[in-house]
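Remarks on the overall topology
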Amino acid sequence: AKVRHFKWEVGALFSTPDCVENVVLGINGQFPGPTIRAKASDTIVVELKNHLHTEGVVIHWHGIRQIGTPWADGTASISQCAINPEETFVYRFKVDRPGTYFYHGHYGMQRSGGLYGSLIVDVADGEKEAFHYDGEINLLLSDWWHKSIYDQMVGLSSNPFRWIGEPQSLLINGRGQYNCSLAAKFTTGVAACPARNRSCQGNAFSVLPNKTYRIRIASTTALASLNLQIGNHKMVVVEADGNYVQPVAVDDMDIYSGESYSVLLTTNQSPSMNYWISLSVRGREPQTRPALAILNYKPNSPAKLPTLPPPVSPRWNDYEHSKSFSNKILALRGTPTPPVKVDRRIVLLNTQNKISGFTKWAINNISLVLPSTPYLGSLKYNLKNAFDAERPPEDFSKDYDVAKPAVNQNSTTGTTIYFLRFNSTVDVILQNANALAANVSEIHPWHLHGHDFWVLGYGEGRFKEEDVKTFNLKNPPYRNTAVIFPYGWTALRFVANNPGAWAFHCHIEPHLHMGMGVVFSEGIRLVGKIPKEALACGKTATILTDQHP
Ligand SMILES: O=C1O[C@H]([C@@H](O)CO)C(O)=C1O
């Protein structure tokens, strides 16, 4: 195993993601940030310098469990103090498992601002993947707003509330098409993208006929749930969130924010032309045109547009289609299976609320706010009054009707923690509900830091005790992100075996910003020495100065 060193500087720069110039957050002058490529059991060392002029930064390594290094998880106010301008923090962690991962900012709404990139872990030397392929294509998917993240954040925390709205563009590897289409000749009412603007010409991915390609796909969208299609080609899903799944062939696939996949694509179509890669919005009424890229069969020119029209996206609210896809994702034989004995069940009700006139999201009626002292440090040093000490609720009222707007839409903010017994097995039931407005319930992809969980099943309406009988304990997918469908529930199981303080939250960036998350903690006495740079704020800063190092 190798130690791989990276020297990064985070900064703001001008870029043209979608035909329109904007300020984006990037790394070493690049947007998206550089791709990290490593082999399983390597150690990654990123010396991260914050070159933003007036704000802190942290980077989360999404899908890396940070076993034994909880201070490197990159969550501001949870695992570490944000890195101040011109300061450097060294992230050092092991990538223990092969898979398709990514990294992104986890402070304020910096991920929405463009702070992200790919992290790909190959099998260790001498090991083999569970499938064969001849070449690779990497698709990092995101969505983009023309309004700055500062403008967006002020709107979200204003009364009256100003919602960010739908994205202006979807991006594939940082490129999208705003107000124009590469497929204009097949579509009425939309202009062709200006050829002189290289940025909105999309990407072409070159392939040879009659080969098999592994397409790595990761979504770091701020809001959009996505659907991906490749004209005329089937995709065989083989990996989800860094774990192998039973191969399943599909014509189109859904990707929620925080998820990653690998699919195999066989280039068995006519080699005389190129094909569309099309990415569209689902789960919210789309106001954003699909992003297009080109699958270029060599020796055709990569600039040659496909002769067929782009594939038609499934209807945005065809939830049966989405559920059918989610239910097809099952673990490959050999994946760890869940323990049968469960120590605790936590039911988490997801609601949209009003707090003193401000619009928020809350979990069991608590809307998460982050404390000034990061949890990991205050727990490890047993600091008093660093966060709300009472225990958050394990369930919600029997009278609550998830199908209707709440009778009482009020809730409270809080910094409470769910303390999990070390090595215990925990079931989490994520319960969706009606939002503030009648007849609205939205999709929320939930992401767990520090662990993978088994997705035991999805159901409709309010979770009932007898639903336990429907849990899939045989081959549930092992993942770090799972979606809750409108008015439904999703059941997860995980083992609390990684000492640390871990975020568990909706991966929709504005929703997290509005309080849609909880914090789990376990095995704090087993946490090793936290680097002092992670503690240099809040009440832990006082400890550092008292210790006379
Ligand atoms: O958090 C959200 O706020 C808006 C809407 O509910 C109120 O404007 C929306 O669509 C969200 O997802």
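In this text the structure is predicted, and so the values were computed from the model without any measurement. (Residues numbered from 1 in each chain as written. Predicted model: local features only at pLDDT ≥ 70, side-chain atom pairs only at ≥ 80, totals over all residues. Heavy atoms only, no water.)

Moving on: the overall build of the chain. Looking only at helices and strands, one finds five helices and 32 strands in the chain. For 549 residues, the compact-globule formula gives about 24 Å, and the C-alpha radius of gyration of the chain, at 23 Å, lands near that figure. Structurally, the chain occupies a C-alpha span of about 70 × 55 × 55 Å along its principal axes. The burial tally for the chain puts 60% of its 549 residues in the buried class. In the chain, once contacts between residues fewer than 6 apart in sequence are set aside, the share between residues at least 24 apart is 79%. (Helix = DSSP H or I, 4+ residues; strand = E, 2+ residues; numbered from the N terminus. Rg over C-alpha atoms; globule rule 2.2 N^0.38 Å. Buried < 20%, exposed > 50% of the residue type's maximum accessible area, 1.4 Å probe, protein only. Contact = heavy atoms within 4.5 Å.)

To continue, consider the nonpolar core. Within the largest apolar cluster, 82 residues are counted, with the highest numbers of intra-cluster contacts made by Trp61, Tyr91, Phe504 and Phe520. Counting 36 residues, the second largest nonpolar core, distinct from the first, contains Val237, Val245, Val250 and Val281. (Core = buried A, V, L, I, M, F, W, Y, C linked by side-chain atoms within 4.5 Å.)

UniProt feature "domain: Plastocyanin-like" (unreviewed entry): in the numbering of this structure it lies at residues 16-122, 138-299 and 404-522. With 0% helix and 42% strand, residues 16-122 has its two end C-alpha atoms placed 31 Å apart. Regarding residues 138-299, the helix share stands at 5% and the strand share at 43%, and the terminal C-alpha atoms are separated by 21 Å. (UniProt positions renumbered as here; feature names shortened; annotations may be inferred.)

Moving on: the site of the ligand. Every residue near the ligand is listed here: Phe161, Trp163, Arg284, Gln352, Trp361, Glu442, His511 and Met514. Separating an oxygen atom of the ligand from a side-chain N or O atom of Gln352 is a distance of 2.9 Å. Within the side chain of Trp361, an N or O atom sits 3.0 Å from an oxygen atom of the ligand. For the ligand, whose accessible area on its own is 310 Å², the fraction buried by protein is 75%. (Near = heavy atom within 4 Å. Polar contact = N/O pair within 3.5 Å; in protein donor to acceptor, adjacent residues only side chain to side chain. Areas by Shrake-Rupley, 256 points an atom, 1.4 Å probe, with all protein chains shown as cover.)

Turning next to the environment of Asp96. Relative to the elements of secondary structure, Asp96 occurs in the loop between strand 6 (88-95) and strand 7 (99-105). Classification of Asp96 as partly exposed rests on a relative accessible area of 32%. Along the primary structure Asp96 and Ala124 are separated by 28 residues, whereas in three dimensions their C-alpha atoms are 9.4 Å apart. With residues near it in sequence (within four places) discarded, Asp96 still touches Ala40, Ser41, Arg65 and Ile67. There is a polar contact of 2.5 Å between the side chain of Asp96 and the side chain of Arg65.

Scanning the model with the defined rule gives 27 aromatic pairs in all. With 6.2 Å between their ring centres and 45 degrees between their planes, Phe31 and Trp144 make a pair best called tilted. One end of the pair, Phe31, is in the loop between strand 2 (22-27) and strand 3 (36-39); the other, Trp144, is in strand 9 (residues 135-144), with 113 residues separating them in the sequence. Each of the two residues, Phe31 as well as Trp144, counts as buried. By the ring-pair criterion, three or more aromatic residues cluster together here, those being Phe6, Trp8, Trp61, Phe89, Tyr91, Phe93 and Tyr103. (Phe/Tyr/Trp six-rings, centres within 6.5 Å; stacked < 30°, edge-to-face > 60°.)

All right, on to helix 2 (residues 319-328) then. All of the buried residues in helix 2 are Tyr319, Ser322, Lys323, Phe325 and Ser326. One face of helix 2 carries all of its buried residues, which in axial projection span an arc of 160 degrees. (Arc of directions from axis to C-beta.)

Let us now look at the state of the cysteines. Summed over all chains, the structure comprises three disulfides. The disulfide partner of Cys19 is Cys200, and the S-S distance across this bridge is 2.3 Å. Between Cys19 and Cys200 the disulfide shows an S-S torsion of about 120 degrees. By sign, it is right-handed. Residue Cys19 is located in the loop between strand 1 (3-15) and strand 2, and its partner Cys200 is located in the loop between strand 10 (169-172) and strand 11 (204-207); the two are separated by 181 residues in the primary sequence. (Disulfide = S-S within 2.5 Å.)

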